[in-house]
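Chain and residue survey
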Amino acid sequence: MRLATAANEAYTAPLAVSELLGCKQCGGGGDHDEELGIRIPRPLGQGPSRFIPEKEILQVGSEDAQMHALFADSFAALGRLDNITLVMVFHPQYLESFLKTQHYLLQMDGPLPLHYRHYIGIMVCKHSCSYLVNLALAQWFRECSSKLQNLGELNKVLGLLKAEEHSWSLAELVHAVVLLTHYHSLASFTFGCGISPEIHCDGGHTFRPPSVSNYCICDITNGNHSVDEMPVNSAENVSVSDSFFEVEALMEKMRQLQECRDEEEASQEEMASRFEIEKRESMFVFSSDDDEVTPARDVSRHFEDTSYGYKDFSRHGMHVPTFRVQDYCWEDHGYSLVNRLYPDVGQLIDEKFHIAYNLTYNTMAMHKDVDTSMLRRAIWNYIHCMFGIRYDDYDYGEINQLLDRSFKVYIKTVVCTPEKVTKRMYESFWRQFKHSEKVHVNLLLIEARMQAELLYALRAITRYMT
Amino acid sequence: MEKMSRVTTALGGSVLTGRTMHCHLDAPANAISVCRDAAQVVVAGRSIFKIYAIEEEQFVEKLNLRVGRKPSLNLSCADVVWHQMDENLLATAATNGVVVTWNLGRPSRNKQDQLFTEHKRTVNKVCFHPTEAHVLLSGSQDGFMKCFDLRRKDSVSTFSGQSESVRDVQFSIRDYFTFASTFENGNVQLWDIRRPDRCERMFTAHNGPVFCCDWHPEDRGWLATGGRDKMVKVWDMTTHRAKEMHCVQTIASVARVKWRPECRHHLATCSMMVDHNIYVWDVRRPFVPAAMFEEHRDVTTGIAWRHPHDPSFLLSGSKDSSLCQHLFRDASQPVERANPEGLCYGLFGDLAFAAKESLVAAESGRKPYTGDRRHPIFFKRKLDPAEPFAGLASSALSVFETEPGGGGMRWFVDTAERYALAGRPLAELCDHNAKVARELGRNQVAQTWTMLRIIYCSPGLVPTANLNHSVGKGGSCGLPLMNSFNLKDMAPGLGSETRLDRSKGDTRSDTVLLDSSATLITNEDNEETEGSDVPADYLLGDVEGEEDELYLLDPEHTHPEEPECVLPQEAFPLRHEIVDTPPGPEHLQDKADSPHVSGSEADVASLAPVDSSFSLLSVSHALYDSRLPPDFFSVLVRDMLHFYAEQGDVQMAVSVLIILGERVRKDIDEQTQEHWYTSYIDLLQRFRLWNVSNEVVKLSTSRAVSCLNQASTTLHVNCSHCKRPMSNRGWVCDRCHRCASMCAVCHHVVKGLFVWCQGCSHGGHLQHIMKWLEGSSHCPAGCGHLCEYS
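Residues numbered from 1 in each chain as written. Chains lettered and ligands numbered in written order. Predicted model: local features only at pLDDT ≥ 70, side-chain atom pairs only at ≥ 80, totals over all residues. Heavy atoms only, no water.

- Naming follows an unreviewed UniProt entry, where chain B appears as GATOR2 complex protein WDR24 of Rhinopithecus bieti.
- In its Pathway (unreviewed entry) section, the UniProt record describing chain B reads: "Protein modification; protein ubiquitination." (UniProt positions renumbered as here; feature names shortened; annotations may be inferred.)

- As recorded by an unreviewed UniProt entry, chain A carries the name Sestrin 1 and is attributed to Rhinopithecus bieti.
- The UniProt entry for chain A carries the following comment under Sequence similarities (unreviewed entry): "Belongs to the sestrin family."
- Per its UniProt entry, chain A bears the Catalytic activity (unreviewed entry) comment "a hydroperoxide + L-cysteinyl-[protein] = S-hydroxy-L-cysteinyl-[protein] + an alcohol".

Take a look at the structure:
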């Protein structure tokens, strides 16, 4: 299918040529060159995502005009269509905004010089693996309680970049913060959707000769072949009626909440405690395969403190101060600050948040014309709740009603420790839902996460300024 | 409503008194509202809800409305409003979406009256009807506005904002049924309270959320809106379409806006982020605030004028947990700190300059205007009695005349006419132009031409003698000349009228205040010292140069070719690395302006280092000979062209551009080139140098310019017999089939150049007519007209 890109676009990018040799072409693709003694790398894995079967993903060539334009831009910029784009294009409206913002952050005029921007990216990403990100700064973002401490922490992080001078201008700081949060979210998306490594990355290719049999040998080597058949079956094996019931039940709950909202009025304490419960609970929501150890990376030597990471505060016996969104929110405060110090970016991010938050096709699994705003708000607020951000006007009881445990586990993992997301987690929530809807969920997750982190960072900067 | 407000005034009783004061609150305030008696203010926030009495000297806490053991979100107020009819009635909007009313008349400790829990999201704003006792309006994040009748348990009507969050709702003060609402998407809607089904009017007021709005207390239909886009706009809603009357650009997003009582064009604003001050603007002067209150240390969240008919008391609450009363007379007025200046060119090149008298007087001391003088501020002053600062400043006007005898632009015309731009080898062109420039006394330009020749023509051919000659000229003749002849003689050499005038202005303004017929002859010493200061400041631009340094350098630069030869070796590395040594990167500019800069220096300083520069020159010259290709200099040449163009000598820029052609063209972007060409052509045409202008057009390589020649080249003629336009050919009329354009002399059809007399419209072959008119002054056609040929 990726070969189709080349055919369609009539681009000639040297990098793309080798990449275009998808598994399907293994049978005949590279023979000629091998005679010349050149080792041709072949992509490993099945398509852009390890979680989503390749056939579910949009076939290049069948895209509409808008997607085509996006593909063209993306291809022109990178010389290839990266896997993230191929997965995100499920939601072209968002993808457009995403690419625009990313381009602006990385390529256009800004306070930080280009190499700093990429260094931040590498710092965040290389810490775990190729695409991947560990949560270098999650701790910092959550700990933002005192101004000096915040800036101390931030300086510690940023000091890594400017070894000698610790003096950063506010504009540079904001740029760095925006970049950090952007890469954090990107990491969440990468793991949340199981994006395959790009062909030029470690683990993205193999030099093994193609197999003569139907499937590619690489599928066996990385164990994807067997898994490939499984997800569809496993989901359906659980019994169709079961998962069908799942969707029905969810919709029923939404209906109920919609109707009885006004009737049973919870007391103030009740509301407050619901938030606390949800917040505390979110600390403990973790999948059983928590024990995986992320291998230490060689890049870690560039960073003083390798113990960075999302910390569950209740586990450590600490109290997370509640962040009241009514006192500091993105629309009123964050936007103005970002736009003041890093012009136009506030606008771009604002648009992206809006698109992600309001994106809906009014469908839920097999149902059409459903108002999903309640569900989307629950997901959004749940993520903010995990970060200790509270909406005064939200009944956190709704979250419990709408999000079941496996879904919470998935959200929690994607947002807080993305490198631990497994295919099983991805499959075990919302089994009846389409892949595009799960990608949609991921968009909500990453944007909510980005906003939460930004809010903490920007509030700290605001306090510093006053 | 007018009647009502008068009643209020009457009730308000005596004149308000008080002073600027503040009091500490326990917690950040989100909003404040004033009781109609102007003696009490209510402050509401997330964890504060108190009433303070405003006394003469201080605020006194009167009542804490936050009662009860447990903190409730119902008490976490986003907004508060005090009824303007009923002293006992208040309403608050809670962050959890509840609207609460409070009755101070209740005997119990808890004054809470009613609770409306209809909104699903935070309520951003509540507003009482200005005249109705029981009508309350609320606007919420959930996109709905609700109208409550306080005598009933539920809302009376709900207005839908199409799921856009409502940021502000305000009842019109003048129109009983109307209210305005503002939205997060930038829209403003106008509603009729009786028609909840759809809004009366909707328009986009801002880019991004509109945080606030306020109806003008007197002008019917004037609505002020403030948004995240940092703008305050005043709309006239009485017209068919909402019309933007005024727009004030602030420095941060606008959180609140309140019209100032009794001052038709004044309004107060405060910001939501970053900026902590409260500004009072005159909407007609949107750039400088009329007044500014700087008491708060964190963002101001609520502002309210204390009394609806008293313009001097403003109350404010802030996130810094304080409540302030500001007195207008204590406000700082930014305009007082501004320096109004006026500068204008007259028709004949005269320059008028007006400034505050104090400023001008101070200037006579030493360095005039240390600030940036390149961008003078223009104030257009209309006489308006309403303006508080009119007539405040007594200003001084200086007028500087250009030199009599039109010496001003003579050099331009001469140069334009005598320059050779094409048709000869490059070296010859350069030499020719250098000669022309030298003859006109423009030594710097002459040197530039010589340099260009050296750079671009085969170097071996350049006789060193030639070079030395020019150096000698620059060194020994140039300097004394400058010193003795003074600035006006410099003018042609510099090709910059602007700077001449300005420097003259500086030097002379002390002596010729209010003297329109000032002459140039003033104190020589004075002129010289100041002449050196001003351009130095001006030329070096951003680079901070020590004056001493500058002077030290100048002597070298008086010889234009020297830096150009030396530069290549060091200009490139220096350009980016060394920022704090102005001479490096600025060499070129220094050089170009050096005569001007050094005009003040005594011969003592200038002549001494000439020798050293000679040696430098010879070394670098040799270097260049052996190694450097002409391309190496293209950056330098480009900079030189830019420099001349910026100096106003676009003639030089264009001439060099034409002569060098491809050698430099690629280094300068198309638009700039085009800009230069058009400027030069425009100048030429103003001086009626049509031929030169045409030549330039022809030689230009810019498409947009060269097509100037092709435009409007058609001449429409009418048949001389039937008076109808001749469409096909110029000499045969299609209608009367006669040859129209007959030569009056030879009676043949004219197909080429045809000359007409504008008086009798007879004409013929150019040659024939010329010949004819040599012998006779009458028309050859015999019509008796006395034709003229010029």
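**Concerning the overall build of chain A**
- For chain A, the helix and strand inventory stands at 21 helices and six strands.
- Counting only residues that meet the buried cut, chain A has 58% of its 466 residues in that class. (Helix = DSSP H or I, 4+ residues; strand = E, 2+ residues; numbered from the N terminus. Buried < 20%, exposed > 50% of the residue type's maximum accessible area, 1.4 Å probe, protein only.)

**Section: the packing of aromatic side chains**
Residue and element names in this part refer to chain A.
- Throughout the structure, instances matching the rule amount to 33 aromatic pairs over all chains.
- Summarising the aromatic geometry, the rings of F323 and Y328 are spaced 6.4 Å apart at their centres and angled 90° between planes, so their arrangement reads as edge-to-face.
- Under the relative-accessibility criterion, Y328 is labelled buried at 6%.
- Ring centres of F323 and Y456 lie 4.9 Å apart, and the angle between their planes is 70°; this geometry places the pair in the edge-to-face category. (Phe/Tyr/Trp six-rings, centres within 6.5 Å; stacked < 30°, edge-to-face > 60°.)

**Comments concerning the interface of chain A and chain B**
- Contacts between chain A and chain B engage 22 residues on the former and 25 residues on the latter.
- Summing both sides of the interface, chain A and chain B together bury roughly 2300 Å²; the carbon and sulfur share of this comes to 48%.
- Across the contact surface, chain A and chain B share five salt bridges.
- Linking D327(A) and R46(B) is a salt bridge whose minimum nitrogen-to-oxygen distance equals 2.8 Å. (Contact = heavy atoms within 4.5 Å. Buried area = accessible area lost by both parts, 1.4 Å probe. Salt bridge = Lys/Arg side-chain N within 4 Å of Asp/Glu carboxyl O.)

**Brief notes about the pattern of salt bridges**
- Scanning the model with the defined rule gives 33 salt bridges over all chains in all.
- For E57(B), the salt bridge is made with R19(B), and the minimal N-O distance between the two is 2.9 Å. Of the two residues, E57(B) is situated in the loop between β4 (48-54) and β5 (59-64) and R19(B) in the loop between α1 (2-12) and β1 (21-24); the sequence distance between them amounts to 38 residues.
- The exposure class of R19(B) is partly exposed, given its relative accessible area of 35%.
- One salt-bridge network, in which partners are shared between bridges, spans R324(A), D327(A), D392(A) and R46(B).

**What to know about the pairing of β4(B)**
Residue and element names in this part refer to chain B.
- With respect to burial, β4 is a largely interior element, seven of its seven residues being buried.
- Note that strand β3 (residues 40-45) and β4 share six bridges and pair antiparallel. The residue bridging A44 from the neighbouring strand is F49, located in β4.
- Linkage of β3 to β4, two consecutive antiparallel strands, is achieved through a turn of two residues. (Pairing = 2+ DSSP bridges.)

**Focus: the sheet that holds β5(B)**
All names here are of chain B.
- Read from one edge to the other, the open sheet built from four strands follows the order β2-β3-β4-β5, with strand pairing classed as antiparallel. At either margin of the open sheet sits one strand with a lone partner, and together these are β2 (31-34) and β5. Strand-to-strand twist of the sheet, defined as the mean angle between neighbouring strand axes without regard to direction, takes the value 25°. (Axes fitted to C-alpha atoms, helices over the stretch in contact; angles between N-to-C directions.)

**Focus on the packing of helix α6 (residues 92-107) of chain A against helix α10 (residues 170-192) of chain A**
All names here are of chain A.
- For the pair α6 and α10, the least separation of the axes is 11 Å and the interaxial angle reads 140°. Our classification of the angle between α6 and α10 gives oblique. As α6 packs across α10, the resulting crossing turns out to be left-handed. On α10, the residues touching F98, Q102, L105 and L106 of α6 are H175, V178, L179, H182, Y183 and L186. (Parallel < 35°, antiparallel > 145°, perpendicular 65-115°, else oblique. Left-handed = near helix turned anticlockwise from the far one by under 90°.)

**As for the environment of L426(B)**
Residues and elements named next belong to chain B.
- Its location among the elements puts L426 in helix α5 (residues 426-439).
- What makes L426 buried here is its relative accessible area of 12%.
- In this structure the C-alpha to C-alpha distance between L426 and Y456, which are 30 residues apart in sequence, comes to 8.1 Å.
- Setting aside chain neighbours within four positions, we find L426 in contact with Y456, C457, I659, L660 and R663.

**Observations concerning the sheet that holds strand β7 (residues 89-94) of chain B**
Residue and element names in this part refer to chain B.
- Within the open sheet, the four strands sit side by side as β6-β7-β8-β9. Their pairing is antiparallel. In this open sheet, the two strands that pair with only one neighbour each are β6 (77-82) and β9 (112-116). Recorded for the sheet is a direction-independent mean angle of 20° between the axes of neighbouring strands.
- In this sheet, β7 lies alongside β6 in antiparallel orientation, the contact comprising five bridges. Across the sheet, the residue bridging to W82 is L90, located in β7.

**Points about the nonpolar core**
- Counting residues in hydrophobic clusters, the biggest one holds 109 residues, and the most contacted among them are F189(A), I379(A) and I411(A).
- Top element by residues in this core is helix α21 (residues 435-465) of chain A. It accounts for 15 residues.
- Taken together, domain 1 (47-143 + 168-196) and domain 2 (244-286 + 312-465) of chain A each give at least three residues to this core, which thus spans both.
- The next biggest cluster of nonpolar side chains, apart from the first, holds 49 residues, and it includes V445(B), M640(B), L641(B) and A653(B). (Core = buried A, V, L, I, M, F, W, Y, C linked by side-chain atoms within 4.5 Å. Domains from an automatic or database assignment.)

**Some points on the pairing of strand β11 (residues 135-140) of chain B**
All names here are of chain B.
- The element β11 is largely enclosed, with a buried count of six among its six residues.
- Residues V135, L137 and G139 point to one face of β11 and L136, S138 and S140 to the other, with burial holding for every one of them.
- Here five bridges tie strand β10 (residues 123-128) to β11, and the two strands are oriented antiparallel to one another. Within the sheet, the bridge partner assigned to V126 lies in β11 and is S138.

**Some thoughts on helix α16 (residues 650-660) of chain B**
- Burial analysis of α16(B) places 11 of its 11 residues in the buried class, the great majority of the element.
- Within the span of α16(B), buried status applies to V650(B), Q651(B), M652(B), A653(B), V654(B), S655(B), V656(B), L657(B), I658(B), I659(B) and L660(B).

**A short note on helix α15 (residues 634-647) of chain B**
Residues and elements named next belong to chain B.
- Here α15 contains 14 residues, and its C-alpha end-to-end distance of 20 Å stays within 8% of the 20 Å for a straight helix at 1.5 Å per residue.
- Taken across its 14 residues, α15 has 10 buried, putting it largely inside the fold.
- Buried within α15 are the following residues: S634, L636, V637, D639, M640, L641, F643, Y644, A645 and Q647. (Expected span 1.5 Å × (residues − 1).)

**Points about the side chain of H83(B)**
All names here are of chain B.
- Topologically, H83 is positioned in the loop between β6 and β7.
- Judged by its relative accessible area of 0%, H83 is buried.
- Here H83 is in contact with L89, F128, H129, E132 and A133, once residues within four sequence places are set aside.

**Side note on unusual backbone geometry**
- Not every positive phi belongs to a glycine, and W430(A) is a case in point at roughly 45°.
- Its place among the elements puts W430(A) in the loop between α20 (423-428) and α21.
- Its identity is not glycine, yet E262(B) carries a phi of approximately 65°, on the positive side.
- Among the structural elements, E262(B) can be located in the loop between β22 (254-259) and β23 (266-271).
- Take E262(B): its relative accessible area is 42%, and that puts it in the partly exposed class.

**As for the confidence of the model for chain B**
Residue and element names in this part refer to chain B.
- With 68% of its residues at a pLDDT of at least 70, chain B reaches an overall mean of 73.
- Between residues 1-12, whose pLDDT stays under 50, and residues either more than four places distant or in other chains, the model counts 13 contacts.
- Confidence over residues 460-626 falls short of pLDDT 50; this stretch has 242 contacts with residues more than four positions distant or in other chains.
- Note on the complex model: pTM 0.60, ipTM 0.71. (pLDDT = per-residue confidence, 0-100.)

**Description of the side chain of Q141(B)**
All names here are of chain B.
- As for its placement among the helices and strands, Q141 is situated in the loop between β11 and β12 (144-149).
- Take Q141: its relative accessible area is 18%, and that puts it in the buried class.
- Within the local environment of Q141, its side chain forms a polar contact with the side chain of N124, the two groups lying 2.8 Å apart.
- Other than its neighbours up to four places away in sequence, Q141 contacts R121, T122, N124, S165, V166 and E184. (Polar contact = N/O pair within 3.5 Å; in protein donor to acceptor, adjacent residues only side chain to side chain.)

**Quick look at the confidence of the model for chain A**
Residues and elements named next belong to chain A.
- Summing up the model confidence of chain A, the mean pLDDT is 69 and the portion of residues at 70 or higher is 60%.
- Across residues 1-34 the pLDDT falls below 50, and counting only partners more than four positions away or on other chains, this stretch makes 56 contacts in the model.
- In this model, residues 127-153 is a region of pLDDT below 50 whose contacts with residues beyond four sequence positions or in other chains number 93 contacts.

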